[in-house]
Amino acid sequence: MASSERSALLTYRLCGGSGEEERGRERARGRAAAAAAPRKLPTFLGVVVPTLLSMFSVVLFLRLGFVVGHAGLYQALAMFAVAYFIIGMTVLSVCAIATNGALDAGGAYYMISRALGPEFGGSIGIMFFLANVCGSALYVLGLVEAVVDSFGILPGQKAGTGVHVLPQSYWYELLYGTVLLALCLLVCLVGASIYAKATFLIFLIVAGVLGTILVSFFATRPVGVPIRLPHFNGSETENGSFTGFSLATLRDNLGGGYGVDYTTGQMMSFSSVFAVMFNGCTGIMAGSNMSGDLKRPSYSIPRGTISAVLFTYLVYNLLAFLMCATCDRVLLQKDYGFLRDISIFPPLVTVGIYAATLSAAMSNLIGASRILYALARDDLFGRALALAKKTSANGNPVMAVILSWLVVQLVLFSGKLNTIAGVVTTFFLLVYATVNLACLALEWASAPNFRPTFRYFTWHTCLLGIAGCCVMMFLISPVSASASLGFLLVLLLALHYLSPSSTWGYISQALIFHQVRKYLLMLDVRKDHVKFWRPQMLLMVQNPRGSARLIDFVNDLKKSGLYVLGHVELQDLDTLPSDPLQPQQDSWLSLVDKLNVKAFISLTLAPSVRHGVRQLLFTSGLGGMRPNTLVLGFYDDEAPQDGLARHPAFTSAREEVPLGFPPLRAPTAPKLLSAREYVGIVADALKMLRNVLLARQLESLDKAWELRRAASPPPTIHVWPVNLLRPDSARYADTCSLFLLQMACVLNMARAWRRARLRLFLCVEAGTMPHAQEEKLRQLLKDLRIQAQIQLVPWDAVTRLHWQTRQGPPGGPGPAGAAAKEEEEEAVNFPANATQVSDEYVCAANKLVLEQSPAPAVRFLYLPRPPADTSLYPLYLHQLELLTRGLGPTVLVHGVSAVTSTQL
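Summarised in this report is the structure supplied together with it. All values reported here derive from a predicted model rather than from experimental measurement.

Each value, and the rule that gives it
- Residues numbered from 1 in each chain as written.
- Predicted model: local features only at pLDDT ≥ 70, side-chain atom pairs only at ≥ 80, totals over all residues.
- Heavy atoms only, no water.
- Salt bridge = Lys/Arg side-chain N within 4 Å of Asp/Glu carboxyl O.
- Helix = DSSP H or I, 4+ residues; strand = E, 2+ residues; numbered from the N terminus.
- Buried < 20%, exposed > 50% of the residue type's maximum accessible area, 1.4 Å probe, protein only.
- Pairing = 2+ DSSP bridges.
- Right-handed = clockwise from strand over helix to strand, strands pointing away.
- Axes fitted to C-alpha atoms, helices over the stretch in contact; angles between N-to-C directions.
- Parallel < 35°, antiparallel > 145°, perpendicular 65-115°, else oblique.
- Left-handed = near helix turned anticlockwise from the far one by under 90°.
- Contact = heavy atoms within 4.5 Å.
- Nonpolar A, V, L, I, M, F, W, Y, C, P; charged D, E, K, R; others polar.
- Expected span 1.5 Å × (residues − 1).
- Disulfide = S-S within 2.5 Å.
- Core = buried A, V, L, I, M, F, W, Y, C linked by side-chain atoms within 4.5 Å.
- Phe/Tyr/Trp six-rings, centres within 6.5 Å; stacked < 30°, edge-to-face > 60°.
- Lys NZ or Arg CZ within 6 Å of the ring centre and 35° of its normal.

Tallying each qualifying case throughout the model produces 11 salt bridges. Linking E638 and R696 is a salt bridge whose minimum nitrogen-to-oxygen distance equals 4.0 Å. Of the two residues, E638 sits in the loop between β6 (629-633) and α24 (648-651) while R696 sits in strand β7 (residues 691-696), which places them 58 residues apart along the sequence. By relative accessible area, E638 is classed as partly exposed at 40%. Judged by relative accessible area, R696 falls into the buried class, the value being 4%. Note that R885 is salt-bridged to E881, the shortest N-O span being 2.6 Å. For R885, a relative accessible area of 43% corresponds to the partly exposed category. Each of D636, E638, R696, E881 and R885 takes part in salt bridges that share partners, so that together they form one network.

What follows is the structure, encoded as structure tokens:
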């Protein structure tokens, strides 16, 4: 078994050599993994507890009354239903992705990046990092609010009394937030283990407080609660009431009663209240963020997250009902800390509020640091995040924690919890929408390896989750949603063009494959029509070093059609241990990327070049996308030149040119194919009804100089639609001539060649009414919508040489007999004209073409069909060489397809 075959199986220890050797490698890997990042946390401590504490934080203790007081019971329950519907769909997607393979540090970022690729993963990773950072700041501000509410100097008083000793102002509250954030930083710097222990202790406190609150609703007697509110430079007092269970109180609190938020002075609405409430649902990723520290992430994340979400939903609904049945609207709207006022043991509620909000702040801070560390480790942003890679001896990403702390500190300058609640909600909704999108893409791609063990999801749940997130984003804050999407788009584009390639797999490739397969099946060749014909090129390349400019030129000729670079390797697979073409694929694909051409690669093994070209003509393409035109370089004795070394794509790069291609053939070295075989390839292509283009001296074409020079007039493209090797059949409307016109027009339509002008040469003889021929040709060009300048070229002196040759020696066959013989041969479409054209005539034709000034950027000439007699192949090639000698960049064209249409 080859090593490449064993590599995947070794991961699962299904095969191997010595058992002792394999066990030694396993122990070494185990020690390295343990030293690098120990995984210790079980489901309850690693997922359930962080998720519960993130969701039972500010909203539960400080904003649930605010939500119920403004929205009423009905709308509050509707908010919970919508919010939990959104996060429920997201949880299903998270569980599906988490159970489809091994998870590492990074949580949602790791899932999305490995599912959707680095562009989506990196951009959403940054968004999720910002969401966690803003969430941590929100919880710190909530904790500051609770501390000031308990120990702050009362509004209207200059000096503190009793426990109310903390000054209240923007800068003092910023100071308190900074101190509390520093405490979170210290815990997170120690590592995930101490964080888990701290959160478990906090969880016990919060559970006790929650039990106390539930008992208080039943045990506390009706009582009035004075509420001191800031009013200009002083304060005013309002009275709220805890009525105990009262049907009248419940009835008053059923409907909405939106008022002014006393901390910000803004009028509340459904969307603004929902934005605050939704922050109590954003903790569903707290367990996923700890994926790198869990013993079994794929097992723990689904079970722990779903359990925590169901429990919090029940608690929120229960508390909302109890609040509406026992507290009047004034108490709910005006006193965010009323749970402490009605509790049977108020200090415990205060401790619970502090513990829960502090834990949520730490959870978001450590989550943000893990995401930042994963982003830095993946090198998506290069040196910008290099500092975040550094870890402590036990694997804790301390620099990522410190950088996250700095960003949270900046967010604290916003000052008020309700101010950033909308931004935090928007960020989290965007992340949740993308998690659903990742799962939807994996499901729609129908990849065989997407086999999550969690099966309680469908593409419908993913789609509903995406729709819910997007709708609520724009309902809460259209400005924040638009700005977030714009920022996400900028990150996507930046990562697409700047990030290095990864080996994670790209979901876009799976989706493209799925769609392309479907559309290729729909592309029916029986429905082809000449109106929609386009060139589909197969360019044969022996060595890309000598064909760089030809590859670029044919790319301009393809007109959005198929373009295949073909290469034949002369080897026999029977004598080789493995396929030698596989290692070459990367070099060819890198060449395509460097030259910026839109081409496919098709390599083959064959005993001869001719057999290899036949194979590629038969097999290249798929369905309705198959090459209809074969392009070959010209067969001559010129020494090949290394075009890659002079190509701008390589001269501007720091790396070496080679790309794994062999050096060019030495001028004295034998060629890989003979002249007879070369012409045989042309004949084979025509038999297979493929158009043929022979390109000569295209490597001397400096397209950038030709098309960008400031000289006037603009560069030209010379078109000779007459068979110069057959002057007695000078017709301009045959299939080959029309195909030649079409190819010249297609080149002129390419963006790089639009500045060039077409010049069409009409060869005329004395006494043949040249102006009538010109008018007929002009009408043809008008019908074909081809803009070209027509130039009459007298060629009596050239054709005279041809007729002199055909008269032959005395006693030979007369012209009438020769003409009859040619007509008979032309009926089978294999004219044997090669023996009747002298070198003197061909050189005269070459001189005629060369004398037309100014010199063009490229010339298109008519390519006659090879003779039927294979013994004449060398003579045929010799005549083509004489005809094109010294003409510069020249393309010989023979078309067999009807490619032009005068109809709509």
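Now for the pairing of strand β4 (residues 563-569). Most of β4 is tucked away, with 7 of its 7 residues classed as buried. Of the two faces of β4, the one lined by Y563, L565, H567 and E569 and the one lined by V564, G566 and V568 are each fully buried. Pairing analysis gives 4 bridges linking strand β3 (residues 537-540) to β4, with the strands arranged parallel. Bridged to L538 within β4 is V564. Chirality of the crossover, the property in question, places the unit of β3, helix α21 (residues 548-557) and β4 among those that are right-handed. One ladder, built from 6 bridges, connects β4 with strand β5 (residues 600-605); its direction is parallel.

This brings us to the packing of helix α6 (residues 118-151) against helix α19 (residues 478-498). For the pair α6 and α19, the least separation of the axes is 8 Å and the interaxial angle reads 140°. As summarised for this structure, α6 and α19 are arranged oblique, according to the angle between their axes. Taken as a pair, α6 and α19 cross one another with a handedness that is right-handed. Between α6 and α19, the contacting residues are P118, E119, F120, G122, S123, I124, I126, M127 and L130 on the first element and S484, F487, L488, L491, L492, L495 and H496 on the second. For the contact of α6 with α19, the class distribution of residues is 11 nonpolar, 4 polar and 1 charged.

In an α-helix, one turn spans 3.6 residues, which is why side chains three or four residues apart end up on the same side. With 13 residues, helix α25 (residues 675-687) ought to run about 18 Å at 1.5 Å a step, and its terminal C-alpha atoms sit 19 Å apart, in line with that. The buried count for α25 comes to 10 of 13 residues, which makes it a mostly enclosed element. Next to the buried residues of α25 lie α23 (609-619), β6, β7, α32 (873-884) and β12 (890-894).

Residues S853 and P854 are joined by a peptide bond in cis, for which omega reads 0°. Among the structural elements, P854 can be located in the loop between α31 (839-851) and β11 (858-862). The backbone of Q697 shows a phi angle near 60°, a positive value even though the residue is not glycine. Tracing the backbone shows Q697 in the loop between β7 and α26 (703-708). Residue classification places Q697 among the partly exposed residues on the basis of a relative accessible area of 23%.

Within the structure shown, the criterion is met by 0 disulfides. Of all cysteine sulfurs, the one in C184 lies closest to C188, which takes part in no disulfide; the gap is 6.5 Å. Taking relative accessible area as the criterion, C188 reaches 0% and is therefore assigned buried. The thiol of C327 is not disulfide-bonded; the next cysteine sulfur, from C324, is found 8.8 Å away. Exposure remark for C327: the relative accessible area of 0% places this residue in the buried category.

Okay, the sheet that holds strand β9 (residues 757-764) next. What the 10 strands build is an open sheet, ordered β5-β4-β3-β6-β7-β12-β11-β8-β9-β10; its pairing is mixed. Two strands lie at the open edges of the sheet, namely β5 and β10 (789-794), each paired on one side alone. Across the sheet, the axes of successive neighbouring strands diverge by a mean angle of 25°, strand direction being ignored. Two strands pair when backbone bridges link them, and β11 and β12 are joined in this way by 4 bridges, in the parallel orientation. In the strand pairing of β12, F860 is matched with V891.

Here we take up the packing of helix α4 (residues 58-98) against α6. Between α4 and α6, whose axes approach to 11 Å, the crossing angle comes to 65°. At the point where α4 passes α6, the crossing takes the left-handed sense. Together, V58, L62 and R63 of α4 and L138, Y139, G142, E145 and A146 of α6 make up the contact between the two elements. Here the contact of α4 with α6 is composed, by residue class, of 5 nonpolar, 1 polar and 2 charged.

This paragraph deals with the nonpolar core. Ranked by size, the top nonpolar core spans 163 residues in total, and within it L60, F61, I87, F217, L339 and Y432 carry the most contacts. Those residues in contact with I87 that sit more than four places away from it in its chain are M55, F278, C281, I284, V309 and Y432. In this structure, A548, W588, F739 and V893 belong to the second largest nonpolar core, which totals 60 residues.

Moving on, we get to the packing of aromatic side chains. Summed over all chains, the structure comprises 22 aromatic pairs. The interplanar angle of 10° and the centroid separation of 4.4 Å between the aromatic rings of W720 and F761 together place this pair among those described as stacked. Here W720 is found in strand β8 (residues 716-720), whereas its partner F761 is found in strand β9, with 41 residues between them in sequence. A single burial state applies to W720 and to F761, both of which are buried. Clustering of aromatic rings is evident, with ring pairs tying together F128, F270, F274, F278, F428 and Y432. Above the ring of Y299, the side-chain terminus of R296 is found at 4.1 Å from the ring centroid. Stacked on the ring of Y519, the Lys or Arg K518 has its end atom at 5.7 Å from the ring centre.

Along the chain, S93 turns up in helix α4. Apart from residues no more than four positions distant in its own chain, S93 is found in contact with V435, N436, C439 and C462.

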